[in-house]
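Understanding the architecture of this molecule
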Amino acid sequence: MGKELSSARPEARAVFEEADDVLGFPLSRLCFEGPDEQLVLTENTQPALLAVSTAVYRVLEAEGQRPDVVAGHSLGEYSALVAAGSLEFADALRLVRERGRCMQAAVPVGVGAMAAVIGLDLSAVEKVCAEASRGQIVSPANQNAPEQVAIAGHSEAVERATELATARGAKRVIPLPVSAPFHSALMKPAEDRMRPFLEQVEFQDLRVPLVNNFDARKITRGDDAREGLVRQIASMVRWTESVQWMADYGATDYVEVGPGRVLIGLIRRIVRGARLIALEKPAQVEEYVRSQ
């Protein structure tokens, strides 16, 4: 991922070169060539996604395109803060690599799990989780769309919640192929370990507002940006509320930068009639710039 853009645009190439220098290993080669078994490791995936999304943003910035408001889903909040001028890219790289390590170390492999519940709203999923917990942890982790909520927690509790959600009318419950129960209380050790790293980094006040994951509110202060990154680790990502806030703010065009179209798909289910654009490859970026 990111290889075509790096070859075509010097702004993108500079991002990958900086990432290689900061991290001390060829992240760019991992992004461009794999191997997949190394790229999918959380401590590598997080800086890789940050680098690709930042590369796309730097090209847009060079073309005079700047956002009115930014938001990012989970890890994407780091990319959003780089775009908003609050966090230096080099600092973000170091932080997300450490974030990946902290999150992976918080829960032994196999102890936790996640699943996506399709067809129930947040309130119904919260009730399912409360009944399924039985002394363990299971809770909503990602409020992705009005009737798409990811849950996370102890593997057994997630399995019980899966059965209950199906019985309560969920259209589908899909196990997620993740290495840890992200955005649940089981991630509290990772939150505690990340706080000192985040407190060592300078966060500038934002040039444009960010709608954060933790409580889906607009922030403009650097200190609030830092605290939001701490609190999101073990808390639910309030993506539906964040997108609704942006729609109420007046957003009509939503541009997803980086690999994939996952967020575009979610936003389509939250905001009707919005213009949705996903950008990763040079041709996509060029077509978007011409349309402005």
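As a starting point, this report considers the structure included with it.

Quick notes on the rules
Residues numbered from 1 in each chain as written. Predicted model: local features only at pLDDT ≥ 70, side-chain atom pairs only at ≥ 80, totals over all residues. Heavy atoms only, no water. Pairing = 2+ DSSP bridges. Helix = DSSP H or I, 4+ residues; strand = E, 2+ residues; numbered from the N terminus. Axes fitted to C-alpha atoms, helices over the stretch in contact; angles between N-to-C directions. Contact = heavy atoms within 4.5 Å. Salt bridge = Lys/Arg side-chain N within 4 Å of Asp/Glu carboxyl O. Buried < 20%, exposed > 50% of the residue type's maximum accessible area, 1.4 Å probe, protein only. Parallel < 35°, antiparallel > 145°, perpendicular 65-115°, else oblique. Left-handed = near helix turned anticlockwise from the far one by under 90°. Phe/Tyr/Trp six-rings, centres within 6.5 Å; stacked < 30°, edge-to-face > 60°.

Considerations on the sheet that holds strand S4 (residues 172–175)
One open sheet accounts for four strands, arranged S2-S3-S1-S4; its pairing is antiparallel. Whereas interior strands pair on both sides, the edge strands pair on one side only; in this sheet they are strand S2 (138–145) and S4. Sheet twist, expressed as the average angle between the axes of neighbouring strands with direction ignored, equals 25°. The pairing of strand S1 (residues 112–118) with strand S3 (residues 148–154) spans seven bridges and is antiparallel. Within S3, the position partnered with Met114 by the bridge is Ala152. Each of S1, S2 and S3 is contacted by helix H8 (residues 122–133), which is oriented at about 165° to S2, the strand it contacts most.

Comments concerning the pattern of salt bridges
Counting across every chain of the model gives 21 salt bridges. For Glu199, the salt bridge identified is with Arg195, shortest N-O distance 3.9 Å. One end of the pair, Glu199, and the other, Arg195, are both in helix H10 (residues 188–199), four residues apart, so they sit about a helical turn from each other. For Arg195, a relative accessible area of 26% corresponds to the partly exposed category. A single salt-bridge network, built from bridges that share partners, covers Glu43, Arg97, Glu98 and Arg101.

A look at unusual backbone geometry
Here the bond from Gly34 into Pro35 is cis, since omega is 10°, no more than 30 degrees from zero. Note on placement: Pro35 falls in the loop between helix H3 (27–33) and helix H4 (36–39). Phi angles above zero are rare outside glycine, and Ser74 is one such case at about 60°. Assignment of secondary structure puts Ser74 in the loop between helix H5 (42–62) and helix H6 (76–83). Phi at His183 takes a positive value of approximately 60°, unusual for a residue other than glycine. For His183, the location among the structural elements is in the loop between S4 and H10.

A few points about the packing of H10 against helix H11 (residues 222–232)
As a packed pair, H10 and H11 sit with axes 9 Å apart at the nearest point and diverge in direction by 160°. With respect to H11, the axis of H10 lies roughly antiparallel. For the pair H10 and H11, the crossing hand works out as right-handed. Each of Glu191, Arg195, Leu198 and Glu199 in H10 lies in contact with H11, whose residues at this interface are Arg226, Glu227, Leu229, Val230 and Arg231.

Re the side chain of Glu191
Note that Glu191 resides in helix H10. Those residues in contact with Glu191, other than ones at most four positions away along the chain, are Val230, Arg231, Ile233 and Ala234.

Considerations on the packing of aromatic side chains
Applying the stated criterion to the full structure yields two aromatic pairs. Centre to centre, the rings of Phe16 and Phe32 are 5.0 Å apart; their planes meet at 65°, and the pair counts as edge-to-face. Of this pair, Phe16 sits in helix H2 (residues 10–23) while Phe32 sits in helix H3, placing them 16 residues apart in sequence. By relative accessible area, which is 2% here, Phe16 ends up buried. A relative accessible area of 23% places Phe32 in the partly exposed class. Ring plane angle 20° and centroid distance 4.9 Å describe the contact between Trp245 and Tyr249, whose orientation is recorded as stacked.

Honestly, it's all geometry; don't read function into it.
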